[in-house]
Amino acid sequence: MRILVLGGTQEARHLCERLAQRRDVDVIVSLAGRTAAPPRMPVRARTGGFGGASGLAAYLVDEHVDLLIDATHPYAAIISANAAEAVARAHGRILALRRPPWQQQVGDRWIEVADLQEAVRALGDAPRRVFLAVGRNDLAPFEAAPQHRYLIRSVDPVTPPLRLPHAEYLTARGPFGEAEELALLKQHKIEMIVSKNSGGDSTYGKIVAARALGLEVVMPRRPRLPDVPSVASVDEALAWLDHADLASARGV
Ligand code: NAP
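Residues numbered from 1 in each chain as written. Predicted model: local features only at pLDDT ≥ 70, side-chain atom pairs only at ≥ 80, totals over all residues. Heavy atoms only, no water.

Asks: Tell me what's going on with the packing of helix H1 (residues 10–19) against helix H7 (residues 234–243), and back it up with residues and numbers.
Replies: Two elements in contact, H1 and H7, have axes whose closest approach is 10 Å; the angle formed by their N-to-C orientations is 45 degrees. It follows from the interaxial angle that H1 and H7 lie oblique. H1 and H7 meet at a crossing whose hand is right-handed. The segment H1 lies against H7, with Glu11, His14, Leu15, Arg18 and Leu19 engaging Val234, Asp235, Ala237, Leu238 and Leu241. Of the residues assigned to the contact of H1 with H7, the class counts are 6 nonpolar, 1 polar and 3 charged. (Axes fitted to C-alpha atoms, helices over the stretch in contact; angles between N-to-C directions. Helix = DSSP H or I, 4+ residues; strand = E, 2+ residues; numbered from the N terminus. Parallel < 35°, antiparallel > 145°, perpendicular 65-115°, else oblique. Left-handed = near helix turned anticlockwise from the far one by under 90°. Contact = heavy atoms within 4.5 Å. Nonpolar A, V, L, I, M, F, W, Y, C, P; charged D, E, K, R; others polar.)

Asks: Which residues make up the pairing of strand E8 (residues 149–154), and what values do they have?
Replies: The buried count for E8 comes to 5 of 6 residues, which makes it a mostly enclosed element. With 4 bridges joining them, strand E7 (residues 129–133) and E8 adopt parallel strand pairing. When the sheet's bridge partners are listed, Leu132 is paired in E8 with Ile152. Here 5 bridges tie E8 to strand E9 (residues 167–171), and the two strands are oriented parallel to one another. Counterpart to Ser154 in the pairing with E9 is Thr171. (Buried < 20%, exposed > 50% of the residue type's maximum accessible area, 1.4 Å probe, protein only. Pairing = 2+ DSSP bridges.)

Asks: Got a sec to walk through the site of the ligand? Specific residues and values, please.
Replies: By nearness alone, 22 residues border the ligand, and Gly7, Ser30, Phe50, His73 and Lys196 come closest of all. Starting from 810 Å² of accessible surface for the ligand in isolation, the protein chains cover 78%. Of all the secondary-structure elements, those providing two or more residues to the shell around the ligand are strand E2 (26–31) and helix H3 (77–89). The biggest single contributor to the shell around the ligand is H3, with 4 residues. Of the residues belonging to the shell around the ligand, the class tally is 8 nonpolar, 11 polar and 3 charged. (Near = heavy atom within 4 Å. Areas by Shrake-Rupley, 256 points an atom, 1.4 Å probe, with all protein chains shown as cover.)

Now the structure itself:
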């Protein structure tokens, strides 16, 4: 049974760690190549795009992939759509591993917006101190609001820096605990946060810290993802595998 895991998330890595212990599966993990030094993978890894849905479909056939597990980030909508289309073209099987979104709790002050452009507008006209934790590739829209002071955290450095007069950069890789997030927000006198609704524990600390400080969190909504069989955790994915009729998955 050959499985292609589309990765780039902690769950994908944890899933690969668990699958690497099994003798009934042969696993390839695919990374987009966005980070310079991704964590070491316990299974065979390939890096870079496939060339759209048709390229991915060809890869599935050429590599005799029986099952594709889409364990990409919930905001990685293009690759998820491509995965669903490619599997349909290649008559294969697909499972999506999707973290449930965070739900607002009492004390949360979220401003849910359609996209990053709307997130920029939600910051308002008056200068604010803003913590941007949206990922290195989604920062450009904020150049439209140079009046704010930004603290920008990303895994790899932002190069070239944004065309913003007041931006401080921080490179760090999660998970980030609540106490350290609280300290960071206080140290930089942050007034607003922009965050995706990523779900999961590893980046939830800033949401809890924002609640404690009564800060607004501007949150672009999750994109629409294809309607495919899905599970919410690594354990559920492994249980799904145990119960799936894997023999019938062969022949992609
Ligand atoms: P995207 O917009 O949905 O995908 C853009 C293109 O990148 C895809 O069309 C595909 O190129 C390539 N690609 C994406 N994921 C890939 C993978 N796992 N393996 C091979 N190619 C991949 O995705 P994105 O938002 O750029 O995210 C890229 C990666 O970063 C994903 O693996 C995702 O899990 C991870 N990530 C994303 C976010 C986020 O907020 N978007 C956050 C954390 C991690 P081709 O069309 O050429 O195949």
